[in-house]
Structures are given as C-alpha cells and as structure tokens.
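# Close look at the chain arrangement
Each chain is listed here by its residues.
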Amino acid sequence: MQKCHIAVDIGAGSGRLMAGFLEGQQLKLQEVHRFANDMQFQNGHWCWDIDGLFHEIINGLKACPSQDLQPTTIGIDTWAVDFVLLDEQKERITDAVAYRDSRTEGIMEEVCEIIPSTELYRETGIQFQPFNTIYQLYAFYHQNPNKLEHAAYFLMVPDYLHFRLTGRIVNEYTNATSTQLLDAKTKDWHQGILQKLHIPTHFFQEITNPMQSLGPVTSEISQQLGYELDVVLPGTHDTASAVLAVPDDQVIYISSGTWSLMGVQIDQPITTEEALTANFTNEGGAAGKIRFLKNIMGLWMIQQVKKELSQDYSYSDFVEFAYQEADFNATVDANDSRFLHPPSMITAIQGYCRESDQPIPRTAGELAKCIFDSLVHSYQMTIEQMEHLTGKHYPTIYIIGGGSKNKYMNQKLASISGRKVCAGLEEATAIGNITAQMIATGQMDSLEHARQLVRHSFPMKQYKGDVIK
C-alpha cells in the first residue's frame, strides 16, 4: 500500500480527490475519485448540495484501499465567498447558497451607502464583487434576521467540510480574506465593519492559518473508512493552494479555470484609491504573503457556450477552431456583469458585440476566438495596471490550472505582452494542497524545498511570441 496525502479540490463544476506521494525525487499524483458539483434551485435560491459533496469525499476515501493507497492526511480546498451557519448544537441551519444566486442584486450598493467604498477597501483590501460574503450576509440579515441572530457558528464551505470530518470548527485564513470582512492589516475579523452593518460578531471563529493539523478524523468517520487519518489545513481557498504550487514568487500568475485569477505575491496589501479603482484584491496567501490579484471571468464563458451548442465539442476543439478564425475580430469586456450567469451565454456575447458595433460571432470558432481574445485583452490590461500599482516589472507569466492547456491563449498572451509565458501545472491546486500537507507534517522542511520538488516533478512549456519551447 502506498502511503499518500489526499487533496480534495472542489470547484464550481466538479470535485475530485487526488493522492500525492513521493516516488524517488518526484511528486506523483493519482486521481482517486471525481464527482459533479452543480447548483440546485431550492427554497427560492441557487444552492450547493454541500452534504452531497461531503458524501462524495467519503466515497473517495473509501475507494483508496482498493487502489492500493493508504492516506495519512487529507486537506480540502474549494471556491471562495460561500458559507453556511450552524446552531448551538452544531446543526446546519442554512442552505449553502451559491454566489451566482440573485439574492445579492443591489446589495453592494446598499452597503456602500453605509460604509463608503473607499473606507471599505482601505480597511479590507478586497475587491468589490456583488457576491462577496459581506453582501451575502447583509442580504441574509434583512431576509432572515431571526435566523442570523440565533446562528452560533459561521463556516465557509471548506470549513464546514473539515468540521464534518473532525468535529472541529475553525475559520481558515485564506478563504476568510475573501469575505471582505477581515482587517487587511491585523488579519482578523473587522469588528467595526460588522457592527456598522448589524452583522452579529459572535459566530465568527478565531482565524486559523494554513499548514496546521486539525487532528484526526472522528471515530465515526474512521469506522466508516476502516482506517485512520489526520486532517491538515491547506490554503482552503483553491487559488491560495494553486498559487502555493507556483515555483517562483517573483512572477505574474494566472490561475486559469472557471475564473482567471491573475496577480502577483507581495508582502503588504496595497489599498490605495488607485488599486480600488482598478478593482484589485488583497487576499491571504497560504505562505503568509498577500495575493494581489484581479478576478477575470475566465473559462466560464466557453464552458457555458459548450453547454449550449448541440455538437459535443471538446475544449481542445474550441482551441483549434479559434486558430481557424484568424480573420474574425471581436472582443467583449469579460468582466461585464451580463456574463455572470446569463440565460444564454451565446446571446449575451452576441448582444455585447451588436451594441458595440462589432462583427457578431455565430459559429463555434467565432465564439471561441471572441472569448479567448477577450480574455487575453483583459490579461494585458491587468498586467499594465498591476505593474503600475506595484512599481515593479514582471518579465515572466506563469499560467497554471486547467486553462494552461489553451495554447492559443498562451501564444497570444506571449506575443501581445512581450513576456515569457510558462504554462503547465494543470493540477496546481492539488499540488499546492498536497505540498501544504507535506510541510505541515514535516515531510518537506521548507517552502523552498517544496518549490524545488514542484520544478523537478512538473516541467512547464515556455511560450515566447509564436515559438513554443
């Protein structure tokens, strides 16, 4: 039986359990279990089946022995901002309402009438997204004031899943920063903001940093599995785990998936008015640095187009189609709110192009090229803003995650930006999750040791102009 660490990585469309272990001087990964994660409409809102997700984690752990794997630790990362509330008996009393639900429409504007946006950004350093936890909680307060008052525990999605494994309740740092409720300087819950918004403060837990053990799974869980294992906090924000896998902290990174998270790692938050205007965020990193980044809509757009088209195209098909449409040129603002959760992504893209007097994409190739070009255009604008705000030039861009396989976008970004683009680490989030576990358990003695291991284990493609190295 191969001893291993298990990374549970759950995104907005699917989740999986990945086993990680050393084989000689290389880190090896093995997929153990994969499952769907779709929003469900219940009780008037779009929600996640959070208990169903926990059931799938248990199913994956049960499958390990049959695959000759002996897990020693497990850590869970997910997307950000969404949460549940528990009562004093630690029973869940709210649905896990999804960030794409409409309950926060107009709420961000209401909050900014109470706390000016400049003050909110100066205190938290977090970008303004209409689905941030602060606006979800404020909306919930007005819709369910009694339930909020009687809640005893606030848990973000990975906090809740870790609680189900261990019985321990913590609020992990990297995901907590995405709430827009943490003080950027003290790295603790901002009591002043909570009080101004009449959000109770009693159900928040002391902030816990990643790369710490939560202890063993409960006896009930170990009996179900037939073995024991410990739970270790990774960066529970999936981007924090992904960025931990980047083998150099002096580069621009793009964690490319449903969202494109583009940024750099810095020592102190940048909360100037210029950074606010550019809508950059200062999220917590798994290794203590600040992830100064911008959220860009990402491959969500092509994912939705893929669902709408009757043909069963693969993502690699869309890349090839884009190459074939060299003469078609139209771009959209990838961060326009109309693309967040439209009834039809194709109609939304075509409407934007029609309104801006551009050619209207109709074929799969035209739609793909429009989306990919729009994302690259957004990346280039973000690079210029980021270098201005940090006062530093970054000659290298690392593209990690599933989107790193998109050679059309990689080449185009290298050509337009004039920078070296390194693409790979498709499993960056799992790698970062697993290396955090290895550091916490002493299997790796430092972050630099872990980075050397990643460089040695996962070579990356390099793009410069139109040349692939």
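Cut-offs applied
- Residues numbered from 1 in each chain as written.
- Predicted model: local features only at pLDDT ≥ 70, side-chain atom pairs only at ≥ 80, totals over all residues.
- Heavy atoms only, no water.
- Helix = DSSP H or I, 4+ residues; strand = E, 2+ residues; numbered from the N terminus.
- Buried < 20%, exposed > 50% of the residue type's maximum accessible area, 1.4 Å probe, protein only.
- Contact = heavy atoms within 4.5 Å.
- Areas by Shrake-Rupley, 256 points an atom, 1.4 Å probe, with all protein chains shown as cover.
- Lys, Arg positive; Asp, Glu negative; His and termini not counted.
- Charge placed at Lys NZ, Arg CZ, Asp CG, Glu CD.
- Polar contact = N/O pair within 3.5 Å; in protein donor to acceptor, adjacent residues only side chain to side chain.
- Pairing = 2+ DSSP bridges.
- 1 Å grid on protein atoms, 1.4 Å probe; cavity = no way out; pocket = protein on both sides within 12 Å on 5 of 7 lines; lining within 4 Å.
- Points joined across faces, edges and corners; volume = space filled by probe spheres on them.
- Nonpolar A, V, L, I, M, F, W, Y, C, P; charged D, E, K, R; others polar.
- Salt bridge = Lys/Arg side-chain N within 4 Å of Asp/Glu carboxyl O.
- Axes fitted to C-alpha atoms, helices over the stretch in contact; angles between N-to-C directions.

Turning our attention to the overall build of the protein. From N to C terminus, the protein includes 18 helices and 21 strands. Dimensions of the protein, computed from the C-alpha atoms along their principal axes, are close to 60 × 60 × 45 Å. Looking at the protein as a whole, 60% of its 469 residues qualify as buried. Sequence-distant contacts, at least 24 apart, represent 71% of the contacts inside the protein between residues at least 6 apart. As presented, the protein carries roughly 18500 Å² of accessible surface, and 45% of it is formed by carbon and sulfur atoms. In the protein, the 36 positive side-chain charges and the 56 negative ones have mean positions that sit 5 Å from each other.

What follows is about the environment of asparagine 282. One can find asparagine 282 in strand 16 (residues 281–284). Asparagine 282 sits in the buried class, given a relative accessible area of 4%. Taking the C-alpha atoms as reference points, asparagine 282 and aspartate 317, 35 residues apart in sequence, are found 36 Å from one another. When sequence neighbours within four positions are dropped, the list of residues in contact with asparagine 282 reads Tyr121, Thr124, Gly125, Ile126, Ile266, Pro269, Ile270, Thr271, Ile290, Arg291 and Phe292. Looking at asparagine 282, its side chain comes within polar contact range of the main-chain nitrogen of isoleucine 270, at 2.8 Å.

In space, the three strands of this open sheet follow the order 4-5-8, with antiparallel pairing throughout. Single-partner strands in this sheet number two, and they are strand 4 (40–42) and strand 8 (96–97). Here strand 4 runs beside strand 5 (residues 45–48); their pairing, made up of three bridges, is antiparallel. Bridged to glutamine 42 within strand 5 is histidine 45.

In this structure, the second largest pocket occupies an estimated 490 Å³ of space. Lining the second largest pocket are 27 residues, and of these Gln129, Pro130, Phe131, Ser337 and Leu340 sit closest to its centre. Mapped by element, the contributors of at least two residues to the lining of the second largest pocket are helix 2 (107–114) and strand 17 (290–296). Considering every element that reaches the lining of the second largest pocket, the biggest residue donor is helix 2, with three residues. Each residue belonging to the lining of the second largest pocket can be placed in one class, and the counts come to ten nonpolar, ten polar and seven charged.

Scanning all chains against the criterion turns up four cavities of 30 Å³ or more. By volume, the largest cavity is sized at about 90 Å³. Lining the largest cavity are 15 residues, and of these Thr124, Thr177, Asp183, Ala184 and Asn282 sit closest to its centre. A total of three residues in the lining of the largest cavity trace back to one element, the largest contributor, which is strand 16. Within this model, the second largest cavity holds a volume of roughly 50 Å³.

Here we take up the pattern of salt bridges. Pairing is possible between side chains of opposite charge, provided their charged atoms come close. In total, this model carries 18 salt bridges according to the counting rule given. Between lysine 369 and aspartate 373 there is a salt bridge; the shortest N-O distance is 2.7 Å. Here lysine 369 pairs with aspartate 373, and both are found in helix 15 (residues 364–390), just four residues apart, close to one helical turn. By the burial criterion, lysine 369 is buried, and aspartate 373 matches it. Between lysine 412 and aspartate 373 there is a salt bridge, with the nearest N and O atoms lying 3.1 Å from each other. One end of the pair, lysine 412, is in helix 16 (residues 407–417); the other, aspartate 373, is in helix 15, and 39 residues separate them in sequence. We classify aspartate 373 as buried; its relative accessible area is 7%. One salt-bridge network, in which partners are shared between bridges, spans Asp9, Arg16 and Glu427.

So, on to the sheet that holds strand 2 (residues 14–23). Pairing is mixed across the open sheet formed by six strands, whose spatial order is 3-2-1-6-13-12. The sheet is open, and its two borders are formed by strand 3 (26–36) and strand 12 (212–216), each paired with just one other strand. Each strand axis lies, on average, 25° off the axis of its neighbour in the sheet, ignoring direction. Pairing of strand 1 (residues 2–10) with strand 2 involves six bridges; the strand directions are antiparallel. Bridge assignment links isoleucine 6 to a residue of strand 2, and that residue is alanine 19.

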